[in-house]
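Listed below, chain by chain, are the residues.
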Amino acid sequence: GAVVSQHPSWVICKSGTSVKIECRSLDFQATTMFWYRQFPKQSLMLMATSNEGSKATYEQGVEKDKFLINHASLTLSTLTVTSAHPEDSSFYICSARAWTGENIQYFGAGTRLSVL
Amino acid sequence: GQNIDQPTEMTATEGAIVQINCTYQTSGFNGLFWYQQHAGEAPTFLSYNVLDGLEEKGRFSSFLSRSKGYSYLLLKELQMKDSASYLCAPFNQAGTALIFGKGTTLSVSS
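For the structure given in this document, a descriptive report is provided here. Being a predicted model, the structure only gives us computed values, none of them experimental. (Residues numbered from 1 in each chain as written. Chains lettered and ligands numbered in written order. Predicted model: local features only at pLDDT ≥ 70, side-chain atom pairs only at ≥ 80, totals over all residues. Heavy atoms only, no water.)

### A few points about the state of the cysteines
- Using the criterion set out here, one finds two disulfides over all chains in the structure.
- Here Cys22(B) connects covalently by a disulfide to Cys88(B), the sulfurs 1.9 Å from one another. Between Cys22(B) and Cys88(B) the disulfide shows an S-S torsion of about -60°. By sign, it is left-handed. In this pair, Cys22(B) is assigned in strand S3 (residues 18-26) and Cys88(B) in strand S9 (residues 84-91), connecting sequence segments 66 residues apart. In this structure, Cys22(B) and Cys88(B) share a single accessibility class: buried.
- Unpaired in this structure, Cys13(A) has its nearest cysteine sulfur neighbour in Cys94(A), at a distance of 18 Å. (Disulfide = S-S within 2.5 Å. Helix = DSSP H or I, 4+ residues; strand = E, 2+ residues; numbered from the N terminus. Buried < 20%, exposed > 50% of the residue type's maximum accessible area, 1.4 Å probe, protein only.)

Spelled out as structure tokens, the structure:
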């Protein structure tokens, strides 16, 4: 299957700082990537759909000014958690579809964010 | 809207067979995915059903009935490493993201 790389795997930061998470498709071009968040023992919640070269589409209840998404190339999307607070501590996961017309989403390994 | 119903937890022993059921209601339907998620890790793709019937892939098989809004994942010859959450995700529109329910947590014991 297609490979999606996500970095960093773990990040610990102080409250008020910003954290950037990168999601790369390693062996394919991804016009669309997706960002999810998962709290312990909860389901994966879709945060936003990231489209290459255009603005991301955010799900209801997700603050676009707090969770900045940039999809500047066909292989890279970034999620920046701005002014992070302890309640933002969660498991953030990106995914991508390998090519147009294929519906399978391949997931990155996830980033565990802990805000102190 | 979308509604997914799976059992919350299941237990089984090594070598056994287990069937995880999923019923769903969606506006529009283009297929159904099953993913496996180990604790603390991201989901990995298991299967994708578009047409009615059984899709077999080694120890894992997935069945779909579109008219009944029903799918199941069948795991044979269970191994300890199969202990994980299994996520059923109906897919309603090409190009859109998968929406997941809470999944079924399977515990395999020796």
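### Points about the sheet that holds strand S8 (residues 76-81) of chain A
All names here are of chain A.
- Taken in spatial order, the four strands line up as S1-S3-S8-S7 in an open sheet, and their pairing is antiparallel. Sheet topology places strand S1 (4-7) and strand S7 (67-73) at the edges, where each strand pairs with a single neighbour. This sheet shows a mean twist of 15° between the axes of neighbouring strands, independent of strand direction.
- Judged from the six bridges that link them, strand S3 (residues 19-25) and S8 form a sheet pairing that is antiparallel. Bridge pairing in S8 places Glu22 opposite Thr78. (Pairing = 2+ DSSP bridges. Axes fitted to C-alpha atoms, helices over the stretch in contact; angles between N-to-C directions.)

### Brief notes about the packing of aromatic side chains
- For the coordinates displayed, the defined rule picks out 15 aromatic pairs over all chains.
- Centroid distance Tyr24(B) to Phe29(B): 5.1 Å. Interplanar angle 10°. Geometry classified as stacked.
- A ring pair is formed by Tyr35(B) and Phe100(B), whose centres lie 5.6 Å apart and whose planes are at 85°; its orientation type is edge-to-face. With Tyr35(B) in strand S4 (residues 31-37) and Phe100(B) in the loop between S9 and strand S10 (104-109), the pair connects residues that are 65 residues apart, well separated along the chain. Assigned by exposure class, Tyr35(B) and Phe100(B) land together as buried.
- Taken together, the ring pairs in this structure connect Tyr36(A), Phe107(A), Phe33(B), Tyr35(B), Phe45(B), Tyr48(B), Phe91(B) and Phe100(B) into an aromatic cluster. (Phe/Tyr/Trp six-rings, centres within 6.5 Å; stacked < 30°, edge-to-face > 60°.)

### Some remarks on the interface of chain B and chain A
- At the interface, 20 residues of chain B touch 19 residues of chain A.
- Here chain B packs against chain A, burying approximately 1500 Å² in sum over the two surfaces, 62% of which is carbon and sulfur.
- Between chain B and chain A we count zero salt bridges in total.
- In this assembly, chain B and chain A are joined by four residue pairs in polar contact (both at pLDDT 80 or more).
- Elements with a minimum of two residues in the side of chain B that touches chain A: S4, strand S5 (44-49) and S9 of chain B.
- Ranked by residues supplied to the side of chain B that touches chain A, first place goes to S4(B) with three residues.
- For the side of chain B that touches chain A, a count of residues per class yields 13 nonpolar, five polar and two charged. (Contact = heavy atoms within 4.5 Å. Buried area = accessible area lost by both parts, 1.4 Å probe. Salt bridge = Lys/Arg side-chain N within 4 Å of Asp/Glu carboxyl O. Polar contact = N/O pair within 3.5 Å; in protein donor to acceptor, adjacent residues only side chain to side chain. Nonpolar A, V, L, I, M, F, W, Y, C, P; charged D, E, K, R; others polar.)

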